[in-house]
Amino acid sequence: MSSNNEPTWRICRKAVWMLIQNVNNLADAEALLNQQENDLHIASGKCFILLLTAIQAPEKSRLESVQAEFKRFEARCGAMLDGGGWLGLVRRKLQFSSGAAAAGVDHYDGQIALADVTLCIVGLMIVKVMNGYNVGHIATAKGVYTLRRAWKMYQQCYASVLDVYRAVYELDPDENTPRWPPVLKRRQSSSATSLASTSNVGSRMYRSATTSFETFRQDSVSNGMSKDVVRLMAAVSVGYGAFNLILSLVSPMMVPLIGMLGFRGNRQTGLDALTFAKNGPDVHAPLAWLILSWYHMMGNTDYLFDGPQSRENETYVKESEQLVCNPPEEFQNSTSLQYFIGRSLYLKGDLERSIRAYEIGSTVLVDNSFVSMKTMCLHELGFMYAIKLDWIAAYKKFASVAEVWMKQYHYFMATVCAGAAGDTTTAELMRRRANEVVNGYRLDAYRGTMCSFMESKDKKVAEALRWTAAASSEDSVDYKHSHLHCDGQRYCRLIAYEVLYVKYGVAKWPVDALHAVLSDCQEAEDDDNTMWYTKQLLAVVCRRVLGFGNDHRQSLIDIVENMDRNQRRDHLYVYGIYELTTEQLRHTETIDEGKRTVQKLKDIKRNYHFQYFYEMRCVSLQAYVQKLNVR
């Protein structure tokens, strides 16, 4: 406890989230934590702050000092938990169960702190990798082992605390998820129990030593430990839930590997644990809210891409609304909340209000958080304005983001949006800036999502810009015999549509935007045949959303078969197979055919443009097919 009788875990929450809101509060946050440097919660909070500062300023010397501090705290937690050996462990469990002393609570606090700092050690290694430091194969193997150790600790601690939580709140022994709000039931007295069961021969067992001890244990736990049990249950549920959720979202190709390493993830278990944890009192609760918000508005592929499960279940919309309407106090009036509000409104199909929310988030005067949500809002605004077909506003937003984050990516999007608007001067300037990005700045991790696509389109975009510029000048006749016989602005728009489709799908687009896509996808005499499959695929998915026609399955079969004949095996091919599968699963008479096509998706293991978004869709689709098989 602190000097003013405020629990140290509450002080820790204040300090950490003071820092999350504004990096300039680092000194104030540290001063708050310096009140009791030896306290377990205070030390754990300092580790979290150290990780955040390492993310913000990843100099090698800082990373090394942070790692040393993590190791010291890890050793401290280990020494505290090992004290007394096996006999000490039994004694601490009995003390926790009886509520007679604080040692049991400290023990579980220590377990959670140890698991948290172990995870921080892995997070620090990821920071090193993301910033180009060579960690080596041995360090990588140690990192995987450390991550597995953290997962085991969360599992064991969750099971132990849940056992006590069941005793306090009389949950069914088979119920693996705590309830919120916890309700402490009124227990019958021993005399009432005896009177009610005098005719039962089994009542004699009530006076047995075992039964008497169990009754004493439950009553004492109920009276003295309920608040600590709720806090501990919420705290351990964050790590346990996050592991389950994230492991359930990995690529299907990675499932056998992570299974061999001892990892297993259940999505619903993770969501249930995090939903409980977001109501907790300590520093873990806002983190649980943040993870749930990320999942429901960014990681939930069914909801994002209008997958088959979202069409059968409306709870996705309600859950996202509840999260943004009931944020923790730390996130009220924050840029982060505005970001998630914008995401939620877009996924509901309210593009105008989504843009307003992002605009509020992007114009804050102070945005010093460790992950700049102002930048994230600008990023989303670029795409939202592009979906709205406001190309000038879109390229301005992308150009603003490019100054501070993922320069090549955002300068490329600014290029095609300016080209779509017909502003070739600005578009050419953006294209040159994209090409000036130093090759060493690009991370191989991004090559499967955007970089390789940008590189493949660069020459064609440059040619389209020249065609647009010449078409508006007096010497445009000179370009009539160019090998790029197309409308340059339309070519840029088609590239933008392709990126938007991959990143967002088309189900939530306004009707006028869908009609514009269909118009641009119509064949013309001066078309460039390199975009033929792009136009065919976009036309089918837009017509399906608009309800035009009903034989989209045959159109998708034709697209895939044509690509097979022409040995076209790029990202459009795998997205075509994905769309064909979803269409087959829509109709009762072709569900079995769809299940077979899902197997074809599993067998495709090459590297493609936008592979991350493709794999996200596949995970969701395969989960839906598993549910169909159970029915």
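Placed above this text is the structure.
Description of the structure in this document. (Residues numbered from 1 in each chain as written. Predicted model: local features only at pLDDT ≥ 70, side-chain atom pairs only at ≥ 80, totals over all residues. Heavy atoms only, no water.)

## Thoughts on unusual backbone geometry
The condition that has to hold: Numbered from the N terminus, helices here are DSSP runs of H or I no shorter than four residues, and strands are runs of E no shorter than two. Only protein chains enter the calculation, and the probe is 1.4 Å; a residue is then buried if its accessible area is under 20% of its type maximum, exposed if over 50%, and partly exposed in between.
Residue Pro 181 is reached from Trp 180 by a cis peptide bond, and omega for that bond is -5°. For Pro 181, the location among the structural elements is in the loop between helix 7 (136-169) and helix 8 (190-196). Phi angles above zero are rare outside glycine, and Leu 389 is one such case at about 70°. Inspection of the secondary structure puts Leu 389 in the loop between helix 19 (373-387) and helix 20 (391-402). A positive phi angle, near 45°, is found at Met 406, a position not held by glycine. Within the secondary structure, Met 406 is located in the loop between helix 20 and helix 21 (407-421). Look at Met 406 and you get buried, because its relative accessible area is 19%.

## Re helix 2 (residues 26-33)
Condition: Throughout, the arc means that of the directions going from the helix axis to the C-beta atoms.
Those residues of helix 2 that fall on the buried side of the exposure criterion are Ala 29, Leu 32 and Leu 33. In an axial view of helix 2, the angular spread of the buried residues amounts to 95°, which keeps them on one side of the axis.

## As for the pattern of salt bridges
Stated formally: Put simply, a salt bridge is a Lys or Arg side-chain nitrogen that is within 4 Å of an Asp or Glu carboxyl oxygen.
Per the counting criterion, the structure on display carries 19 salt bridges. Glu 74 is paired through a salt bridge with Arg 149; the nearest N and O atoms lie 3.0 Å apart. A residue pair is termed long-range when its members are at least 10 positions apart, and Glu 74 in helix 4 (residues 60-82) and Arg 149 in helix 7 qualify at 75 residues. Overall, Glu 74 belongs to the buried group, its relative accessible area being 13%. In this structure, the salt-bridge partner of Glu 321 is Lys 348, at a minimum N-O distance of 2.7 Å. Note that Glu 321 is positioned in helix 16 (residues 315-325) and Lys 348 in the loop between helix 17 (335-347) and helix 18 (351-362), a separation of 27 residues in sequence. For Lys 348, a relative accessible area of 40% gives the class partly exposed.

## Remarks on the packing of aromatic side chains
Worth spelling out the cut-off: Two rings from Phe, Tyr or Trp (for Trp, the six-membered ring) form a pair when their centres are within 6.5 Å of each other. A pair whose planes differ by under 30 degrees is stacked, one over 60 is edge-to-face, and the rest are tilted.
Under the criterion given, the structure shown has 19 aromatic pairs. Considering the side-chain rings of Tyr 165 and Tyr 169, the 4.7 Å spacing of their centres and the 45° angle between planes classify their relative orientation as tilted. Within this pair, Tyr 165 and its partner Tyr 169 are both found in helix 7, separated by four residues, close to a single helical turn. The burial state of Tyr 165 is the same as that of Tyr 169; both residues are buried.

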